[in-house]
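Observations on the model geometry
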Amino acid sequence: MKALLFHGPHSLSLVDREIPQPAPGQVLLKIAAAGICGTDVHILRGSAPAGAPVILGHEVSGEVAAVGSGVTHLKTGDRVTVDPNVYCGHCSFCRSGDVHLCVNNRCFGIYADGGFAQYAVISADFAYKLPDSMTWLEGAMVEPAACCMHGAEMAQYRTGDSLLIHGAGAIGALHVQYARLRGVSTILVSDPIAHRRELALELGADYAFDPLTQDLYREVRKILPDGPRVIMDCSGVPRVVEESVRQVRWGGRVVLFGICPADQDISIAPAYINDREITLCGSYDYIQLHQAAIDLIAAGRLRVQPLISHTFPLTAYEQAFATFGTSRSMKIMLLPNEA
Ligand SMILES: [Zn+2]
Ligand SMILES: [Zn+2]
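Residues numbered from 1 in each chain as written. Chains lettered and ligands numbered in written order. Predicted model: local features only at pLDDT ≥ 70, side-chain atom pairs only at ≥ 80, totals over all residues.

Turning our attention to the domain arrangement of the chain. Domain boundaries assigned for the chain yield domain 1 (2-141 + 304-335) and domain 2 (147-282). Summarising the inter-unit geometry, the C-alpha centres of domain 1 and domain 2 are found 28 Å apart. With 10 residues of domain 1 at the interface, the matching set in domain 2 holds eight residues. Among the residues making up the side of domain 1 that touches domain 2, the classes are represented as four nonpolar, five polar and one charged. (Domains from an automatic or database assignment. Contact = placed C-beta atoms within 7 Å. Nonpolar A, V, L, I, M, F, W, Y, C, P; charged D, E, K, R; others polar.)

In terms of residue burial, strand S16 (residues 331-335) counts as a mostly covered element, since four of its five residues are buried. The pairing of strand S3 (residues 26-36) with S16 spans three bridges and is classified as antiparallel. Residue pairing for S16: Ile 36 is matched across the bridge by Ile 332. One ladder, built from five bridges, connects strand S15 (residues 308-313) with S16; its direction is parallel. Paired with Phe 312 across the two strands is Leu 334, which belongs to S16. For the handedness criterion, the β-α-β arrangement of S15, helix H11 (residues 317-323) and S16 is classed as right-handed. (Buried ≥ 20, exposed ≤ 12 C-beta atoms within 10 Å, placed from the backbone. Helix = DSSP H or I, 4+ residues; strand = E, 2+ residues; numbered from the N terminus. Pairing = 2+ DSSP bridges. Right-handed = clockwise from strand over helix to strand, strands pointing away.)

With that settled, the discussion passes to the sheet that holds strand S13 (residues 253-256). Within the open sheet, the six strands sit side by side as S11-S10-S9-S12-S13-S14. Their pairing is parallel. The sheet is open, and its two edges are formed by strand S11 (207-209) and strand S14 (279-282), each paired on a single side. Shown here is a sheet whose adjacent strand axes are inclined to one another by a mean of 15 degrees, direction ignored. Summarising the sheet, strand S12 (residues 230-233) and S13 pair through four bridges and their orientation is parallel. Counted as the bridge partner of Val 230 is Arg 253 from S13. (Axes fitted to C-alpha atoms, helices over the stretch in contact; angles between N-to-C directions.)

To continue, consider the sheet that holds strand S1 (residues 2-8). What links the strands of a sheet is backbone hydrogen bonding, and the strands pair in either a parallel or an antiparallel sense. The antiparallel open sheet is built from three strands, whose spatial order is S2-S1-S4. Edge strands, defined here as strands with exactly one partner in the open sheet, are strand S2 (11-16) and strand S4 (54-55). When S1 meets S4, the two strands line up antiparallel, connected through two bridges. Across the sheet, Leu 5 pairs through a bridge with Ile 55, a residue of S4.

What follows is the structure, given as structure tokens:
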């Protein structure tokens, strides 16, 4: 089979590999679609950790091509999507319910071979059936959707909340839609790219700003004189996080959803946080939200198809990664079994 192998920072190549065989409890998947995530790009640049050599790709959909012994709930031909966070179940984090923080995590597509290949194996417990109505591309969007749903839990939205989202790429656009489902009433987005702002408005945002040409602080204060109660940072830009602390409403929450470069600090006066009871919190992965994300996408409550801007065969991976982050791009999908 063809597979995209990550050898270490800045080193990725297309290789020929034996098709893996499912061990007991595992299934073999013929990968239909695999999304390129910001995390993959950080791994490639060396700014996020991963195993090496390893096949990346953790946002996947595919068909069960073979089942290992002992697998009873899946059969050959089933269409599935993967919850990539393969946790150990016995570390202190797993035993206290924080399985997404598992210290022994063997994340599919990060520490174990993933979906940038024609085939991949996964523990059957982490494969979820897709409804017939869902497309392969939608199936590969379940993982990022579930991540955003966890971000909303970290944000602790209250009915009637106001929210400012920095970054209106595929992730920001998912946050817009899910915040609406969670009862957030005023949703503002900030993104320098016009078509992303337009799409965010179409998907339910109330206001969209260009931070490069508008004074964002003033524009937001015109609508929300005390500031938004929640700011969801999907930009991963340290300066934007710093500004968010000053922009957020007193008593509010700033959620760090985008990944800032690991070697950059921000500067915040602790007293500013004290007096105003501001909460700064991270958001990483998710806990048992995979099925809920499937259900919301299948029901049309989270629209993911408009977020997919490009599809490429695996052989065009260089072009696919070069397209990531360009102004016309949103979610980019690799289709490993298409020529
Ligand atoms: Zn991802
Ligand atoms: Zn664990």
